[in-house]
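Secondary and tertiary structure notes
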Amino acid sequence: MTLLIAVHFGVAMLAPLLARWLRCRAYFVLALPPLATAIWLGLQGPAVLAGAAPTESLPWIPALGIDLSFRLGILQWVLGLIVSAVGALVLFYCRWYFADEDPAPRTSAVLTAFAGAMLGLVTADDLIVLYVFWELTTVFSYLLIGHKPTRSANRRAALNALIVTTFGGLAMLTGIIMLAVTSGTFSISEILSRADLQLASPVIVAAVILILVGALSKSALVPFHFWLPGAMAAPTPISAYLHAAAMVKAGVYLVALLAPTFAGQPGWRPIVLTLGAVTMIVGAWRALRQYDIKVLLAYGTVSQLGFLVFMCGLGTRSAELAGVAMIISHALFKAALFLIVGIVDRSAGSRDIRRLSGLGRSLPVIAVTAGLASASMAAVPPLIGFVTKEAAFESLTYLADGDGVGIPKLPALLLIAAILVGSSLTVAYSLRFLWGTFATKALPDEPGDPEPTRCRRIPAGFAAAPLILAAASLVGGFLGPQLTAVLEPVAATVPTGHESHGIALWHGFTPPLLMSALVLLVGFLMFRHREWIGRIQATLPRVPDAQETYQWLMRGLDRVAVETTAVTQRGSLPIYLGAIMLVLVCAPGGVLLIMTDFPSGFRIADSPGQVLVAAVMIIAAFGAATARGRMKAVILVGVTGYGVALLFLLHGAPDLALTQILIETVILVVFVLVLRKLPKYFTNRPLHSSRWWRLAIAAAVGFVIAAIAFVASGSRIAIPVSTAFPEAAKDFGYGLNIVNVTLVDIRAWDTMGEISVLVVAATGVASLIFIRTRNIDLTRLAGPRGGRRNRLNGNGRSMVWLRGGVTLSPLKRSLIFEVVTRLLFGTMMVTSVYLLLVGHNAPGGGFAGGMVAGMALVIRYLVGGRHELDEAAPVDAGRLLGIGLIIAGLSTVAPIAVGGRIGQSYDISIAVPWLGNPHLVTSVFFDVGVYLVVIGMMLDLARSLGSGIDQHEEQDRTPAPLGATTAAGSSAAR
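In this text, all values refer to a predicted model and were calculated from it rather than measured experimentally.

1. Some thoughts on the packing of helix H26 (residues 608–626) against helix H27 (residues 630–650)
The description of two helices packed together rests on the angle between their axes and the distance between the axes. Packing of H26 against H27 leaves a shortest axis separation of 8 Å and a crossing angle of 165°. Viewed along their axes, H26 and H27 adopt a mutual orientation that is roughly antiparallel. Here H26 and H27 pass one another in a crossing that is left-handed. In this structure, H26 contributes Gly609, Gln610, Val613, Val616, Met617, Ala620, Ala621, Gly623 and Ala624 to the contact, and H27 contributes Ala633, Leu636, Val637, Val639, Thr640, Gly643, Val644, Leu646, Leu647 and Leu650. Residue composition of the contact of H26 with H27, grouped by class: 14 nonpolar, five polar and no charged.

2. Regarding the nonpolar core
In terms of nonpolar packing, the biggest core is built from 197 residues, with Trp227, Tyr241 and Trp268 touching the most fellow members. With 21 residues, the single largest contributor to this core is helix H15 (residues 317–348). For this core, the two domains that each supply at least three residues are domain 1 (1–125) and domain 2 (126–442 + 455–547). Those residues within four positions of Trp268 in sequence are excluded, and the remaining contacts are Val208, Leu212, Val255, Leu258, Ala259, Phe262, Ala263 and Gly313.

3. Remarks on a nonpolar patch on the surface
A cluster of nonpolar side chains, Phe28, Val29, Leu32, Leu35, Ile39 and Leu43, forms an exposed patch at the surface whose accessible area comes to about 540 Å². With four residues, the single largest contributor to the nonpolar patch is helix H3 (residues 32–49).

4. With respect to the packing of aromatic side chains
Going through the model one piece at a time under the given rule, you end up with 14 aromatic pairs. Ring plane angle 35° and centroid distance 4.8 Å describe the contact between Phe226 and Tyr550, whose orientation is recorded as tilted. On the criterion of sequence distance, the pair formed by Phe226 in the loop between helix H9 (202–218) and helix H10 (227–230) and Tyr550 in helix H24 (residues 546–568) is long-range, its members being 324 residues apart. Pair check on accessibility: Phe226 and Tyr550 agree, each one buried. Taken together, Tyr27, Tyr93, Tyr97, Phe98 and Phe462 form an aromatic cluster joined through their ring pairs. Between the NZ or CZ atom of Lys441 and the centre of the ring of Trp435, over which it lies, the distance is 5.2 Å. One cation-aromatic arrangement involves Arg530 over Phe527; the distance from NZ or CZ to the ring centre is 4.5 Å.

5. So, the state of the cysteines
One covalent bond between the sulfur atoms of two cysteine residues makes up a disulfide. A full pass over the atoms with the stated rule returns zero disulfides. Cys24 forms no disulfide, and the closest cysteine sulfur to it belongs to Cys94, at a distance of 8.8 Å.

6. Examining the domain arrangement of the protein chain
In terms of domain boundaries, the protein chain breaks down into domain 1 (1–125), domain 2 (126–442 + 455–547) and domain 3 (735–772 + 804–952). Computed from C-alpha coordinates alone, the two centres of domain 1 and domain 3 are separated by 34 Å.

Conventions and cut-offs
- Residues numbered from 1 in each chain as written.
- Predicted model: local features only at pLDDT ≥ 70, side-chain atom pairs only at ≥ 80, totals over all residues.
- Heavy atoms only, no water.
- Axes fitted to C-alpha atoms, helices over the stretch in contact; angles between N-to-C directions.
- Helix = DSSP H or I, 4+ residues; strand = E, 2+ residues; numbered from the N terminus.
- Parallel < 35°, antiparallel > 145°, perpendicular 65-115°, else oblique.
- Left-handed = near helix turned anticlockwise from the far one by under 90°.
- Contact = heavy atoms within 4.5 Å.
- Nonpolar A, V, L, I, M, F, W, Y, C, P; charged D, E, K, R; others polar.
- Core = buried A, V, L, I, M, F, W, Y, C linked by side-chain atoms within 4.5 Å.
- Buried < 20%, exposed > 50% of the residue type's maximum accessible area, 1.4 Å probe, protein only.
- Domains from an automatic or database assignment.
- Patch = residues over 30% accessible without salt bridge, like charges linked within 9 Å, V, L, I, M, F, W, Y side chains within 5 Å.
- Areas by Shrake-Rupley, 256 points an atom, 1.4 Å probe, with all protein chains shown as cover.
- Salt bridge = Lys/Arg side-chain N within 4 Å of Asp/Glu carboxyl O.
- Phe/Tyr/Trp six-rings, centres within 6.5 Å; stacked < 30°, edge-to-face > 60°.
- Lys NZ or Arg CZ within 6 Å of the ring centre and 35° of its normal.
- Disulfide = S-S within 2.5 Å.

Have a look at this one:
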């Protein structure tokens, strides 16, 4: 299972390349992972049905008892088959849905990854793992619904779905933690087997209700239902997969999984049954008002999800059997119907039933396929929708007598009546869909004899997927006994209620059969008198719906945010820093005030050199605080940073000293780039009272930091964990540089987070300059490469040291700098690679090497301008950042493929002729990722604060800095 999930994600990463090479035929390749999964699950069927429940488990966070564990019970097997089989058909269908001119490479990648996330969700046997995949489906659905981010409808629908499902996910996470802490385990199978957890306790009740919030929001039940119809802005294959067979089924799956154990908890049945019945009626009623057949199916899906949650959450044996069976039937007919909508849209060019006529004759195969799927949705015999719904009606007859769930007679009858009304409405909107799409009828804007809508011919492969699903709905109606045998073990896990008579086409003349006949009759009459129903709907009082309420709440939240921002974000950097520092003084400083035990003594320094360096740093800090010129202040701040590097070096930490020197140099360069657009001097305003407040805060912060350092240095009571690092670095990390091994091996996840922060920071800086995208047009100068002789005029030749330099004004060029830069650049790049490779055993590493390479690029920019930077690095910085993150991430998780732990290092010795047996530590690949991320960050800074501002100046889009004639400058001159 783990390998299959990984294959989905691996193929998803290759999807954009496949789409570029194969165009739409790439979807054939992308369909292979879910197809292979479906085949593998089919082969596992005998073992699963025999009760074997195959499991896989890999340690993830042993300290918390969290494992990457997966389990394949019957319920997981059924959902896995749905997710993989329908996913393969949808990807196969995409081959003809998308055009070769635009094969939607991003969508293809995300859709494949979504299939892998759904497979992980339905097979996860650890609550945290389940939550991770749960949120992955949320993120992927956001990207899929926002298929075309340039369209406001896609953006709005994607954001609505993200906010609603994320809200539910956060509530569910809280419930998961509460449940795991109470039960003492994160294992789902172990929790569900614990009889003591069925006893009502405040913590368990609260945890279960919070988990239900997540499930109901994911499955679009009232009041969260409004996000699903809006998500129809996504392409039709996405709707067919996410909103029929996959994402919305996640909440139903979770309810079906937890109901056998927790359905008896206080609050479960009132919430699940009430919201399920209300959702079924609201969704079906709204479906009768729709003209867009895709939106009609969306509201029908909302209605069906309410029915599914009702049945799976009822918590009786017969209802559990019927609910899981209905999950299968709903996936078959609803996915088929959504795919048919896509065919109609592509063939006829419209989804509006007021513009469609005669498609039954133009597309007979599609019409028959839609008829089978719609009949299954309406529960017409002998389709699978009929046999599963009749099983559901059987469980309702037991509910009328209590069925051991403790629901009073009147509420039980009301719930049954609600389900019957919702089922009748389902028949009505099923007929509305079939009639509105395929019937020959007069169109409102075309008086006279009805003319059939013109259709384009569709390829046979385009119709294959919905035809297979509709045929499965037909065949499934005759396989009721076999389906009962498969699902009976799932129903047996429920301790309450009557056993079902099973799923079959014929049980005799029974109350469920009478209920089915009544529903079909009432539904047909409602469709027959649809104009009358429409007039009734038009006369009903206007009440705000869930979408309007949501928008009202979001506008209120935005208003509160604006007011809060206006109060707290005043646009003053001193106020921001002052607030942060005041919190530092009050919180840790307050703790220091009430402490009674302090260290008895401390050493001021270990050597006279440290005292000398500290004195220089103090003088530089005082000078920076009192300097009038900005550049002078920056240089003095840099002196304090270099002083820290010297202290590291004197204390025996050359690796830290090297890194500190490089970082301080980069900071100086960034300051210089920024200062180009700032006045030369600080303001010369008279001494104001606010400066005394700043002085007081600065002094308090200095005192608190010094006191914390004093207390922390003398408060150690345990042996430092770092004492084991030297041995661990050599034995497990295969390196002698403890700092580097710690970064790329012992604490690789921390480093992964830190380089992610670098990516975010670089993106933030780029967004401030480029606003919309960091991609700028890279300019490559024509002509011979630098270093060759270039004919400048007819009288002689001249050496071109830097090709970009020729674009600068002669007043801005320096031959000496160009020559030195040309000589240094290669040396610095080689040095950066050297630092990268030796970092495991000597001072260096990917971060230091990347900083050196980045500084080499910045020097090329400073000497030759933006054109020279483009010559030196003709690549997009964002690509470097992304590739670096991918390499670091893959190298971290790659050991899992060979049975190792996440982040584990391996020492590989290779026999090379004439070179002996050089060894390679696999963590160097992680360092390569860090190296590329740092170079990408430096390139982003150079392009943003350097080239970007240069272009703005050329286009007169940036203000020029004030000169030395300001008050400060005049004062200095005097």
